[in-house]
Structure formats: C-alpha cells, structure tokens
Amino acid sequence: MIYSDRTVAGRALGKQLLDLRAAQPLLLGLPRGGVPVAAAVREIIGGDLDILLVRKLGVPWQPELAMGAIGEDGVRVLNQDVLSHIGITPQEFAEIEAAERVELDRRRAVWRGDAKPIPLDGRTVVIIDDGMATGATVVVACRVARLHQPVRIVVAVPVSSAEALRRVAAEADQVVCPLVPHSLGGVGTAYQDFHQLADEEVTALLG
C-alpha cells in the first residue's frame, strides 16, 4: 500500500477509527506532517482538531532518525538504541536540543499566538502523525498529553515500523496503524507526495 498523499492517508486512517465517533474525540495533529492527516481523519469521524507541539531530535547526518524528542512542558525522551551507536557528545546533543527548543517556541508563536490549547482533561485524545519510524516523537507526545489527564489516549498513524509500534504501545491506551511494512526505510517511502509543509499550510488546516 502506498498513499498518494497525507489527506488520502488520513481518510483511510479515519475509517479505522469509526468506533471513536461517538466519543467526540480531540484530534491532535503533530506538526507539520500530522496536521493534514488529522484534518482528514476529522472529515470521517468528527471531533475537535488541535495541535500538540513536539520536536524530533534528529541525528545530525541523518535527520530522519530520531535520537530523542522534546515536547512542551519540558518533556524529553531519549532513544538509547540510537544514542549508543552514533557516538554523539553531550555538548553536541545539548546544542541540538537547544536549537529544537527555539523552533518549538517559534511554532507555538506562529500556530497558537495568544490562543490557549483545547483542554485535554476528560477527553478521548487521538494523537496523529503521518507515520512513525522510531516512535520517539510520538512517545513524547503521549507523555505531554498524559500530563493533562485525558480519559484515554489513542495513537493513530497511517504507517509505522514494528519497533515504533512496540515503543508507543507502552505509552498509549490504543495504537491504530493500517500499514506496518516488513522494513520501513523512512516514513516518506509510504507516500507518493511527501512534501515538506509550509507554516501557512498548517495554519490553513487548523482554520
């Protein structure tokens, strides 16, 4: 299965989530790529749409590979499997994390401004991304969401590695993923159109 783009992937994912329609879920897209997927899921099952701000800490020479991830509220997850193999120094790691914190704050200003996030407490929350390679970013998203006491956390992605599914299953109450390739070289390999979204595209989707 290859998705033509993130919207098509989101509609396919939405059909796997029809049982959540009655819960009026809060759909949290992970910017940037998870937002069009979440918007398409919303077409199918309804609910509210918002973002959850997290940042992958990519390996400098292979940015798609996460050595960890950070989120709002100071949450950080380290991917020890990756860190043990790449030989990055604590100083190099700290510099990358600092730069990603700056980008996290920039995105908060662009997409939230002075607006408050939709409250998560007491809600069925669906965390949505365009895919998971290591799962580090989604693990951070789950931990950030859990701080706000939702009644249930569902992770929904169109494609994932088996390893990432295992990691995320330990954090979420349910994980939904229709495509788990035997070998996932990168999330983008599951899409014909996997372009880098501009800030304006995300803003328009959030409406």
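Preceding block: the structure.
Read on for a plain summary of the structure. Bear in mind that the values here come from a model prediction, so they are computed numbers and not experimental data.

Cut-offs used in this document
Residues numbered from 1 in each chain as written. Predicted model: local features only at pLDDT ≥ 70, side-chain atom pairs only at ≥ 80, totals over all residues. Heavy atoms only, no water. Pairing = 2+ DSSP bridges. Helix = DSSP H or I, 4+ residues; strand = E, 2+ residues; numbered from the N terminus. Axes fitted to C-alpha atoms, helices over the stretch in contact; angles between N-to-C directions. Salt bridge = Lys/Arg side-chain N within 4 Å of Asp/Glu carboxyl O. Buried < 20%, exposed > 50% of the residue type's maximum accessible area, 1.4 Å probe, protein only. Contact = heavy atoms within 4.5 Å.

As for the sheet that holds strand β5 (residues 76-78)
Part 1: If you trace the 3 strands from one edge of the open sheet to the other, you get β3-β4-β5, paired in antiparallel fashion. For this open sheet the edge positions go to β3 (54-59) and β5, each flanked by a neighbour on one side alone. For this sheet, the mean angle separating the axes of adjacent strands, direction not counted, is 40°.
Part 2: The pairing of strand β4 (residues 62-71) with β5 spans 3 bridges and is antiparallel.

Concerning the pattern of salt bridges
Part 1: One pass over the structure, following the stated rule, counts 15 salt bridges.
Part 2: As a salt-bridge pair, arginine 143 and glutamate 171 come within 2.7 Å of each other at their nearest N and O atoms. With arginine 143 in helix α5 (residues 136-146) and glutamate 171 in the loop between α6 (162-169) and β8 (174-176), the pair connects residues that are 28 residues apart, well separated along the chain.
Part 3: Among the salt bridges present, the one from aspartate 173 reaches arginine 146, with a minimum N-O distance of 3.3 Å. Of this pair, aspartate 173 sits in the loop between α6 and β8 while arginine 146 sits in helix α5; the two residues are 27 residues apart in sequence, bridging distant segments of the chain.
Part 4: For arginine 146, a relative accessible area of 35% gives the class partly exposed.
Part 5: Residues joined in a network through salt bridges with shared partners are Arg32, Glu103, Arg106, Arg107 and Asp199.

Brief notes about the pairing of β4
Strand residues, when the strand is regular, have side chains that alternate between the two faces of the sheet.
Part 1: The sheet contact formed by β3 and β4 spans 6 bridges and is antiparallel. Bridge assignment links arginine 55 to a residue of β4, and that residue is isoleucine 70.
Part 2: Hairpin connection, β3 to β4: the antiparallel pair is bridged by 2 residues.
Part 3: Hairpin remark: β4 followed by β5, antiparallel, with 4 residues in the connecting loop; positive phi at aspartate 73, about 65°.

Digging into the sheet that holds strand β1 (residues 26-29)
Part 1: Strand order across the open sheet formed by 5 strands is β2-β1-β6-β7-β8, with parallel pairing between neighbours. Both outer strands of the open sheet, β2 (48-51) and β8, are each paired with one neighbouring strand and no more. Taken over all neighbouring pairs, the strand axes of this sheet differ in orientation by 25° on average, direction set aside.
Part 2: Against the sheet, helix α2 (residues 34-45) makes contact with β1, β2 and β6 (124-128), and its axis sits at roughly 160° relative to β1, the strand it touches most.

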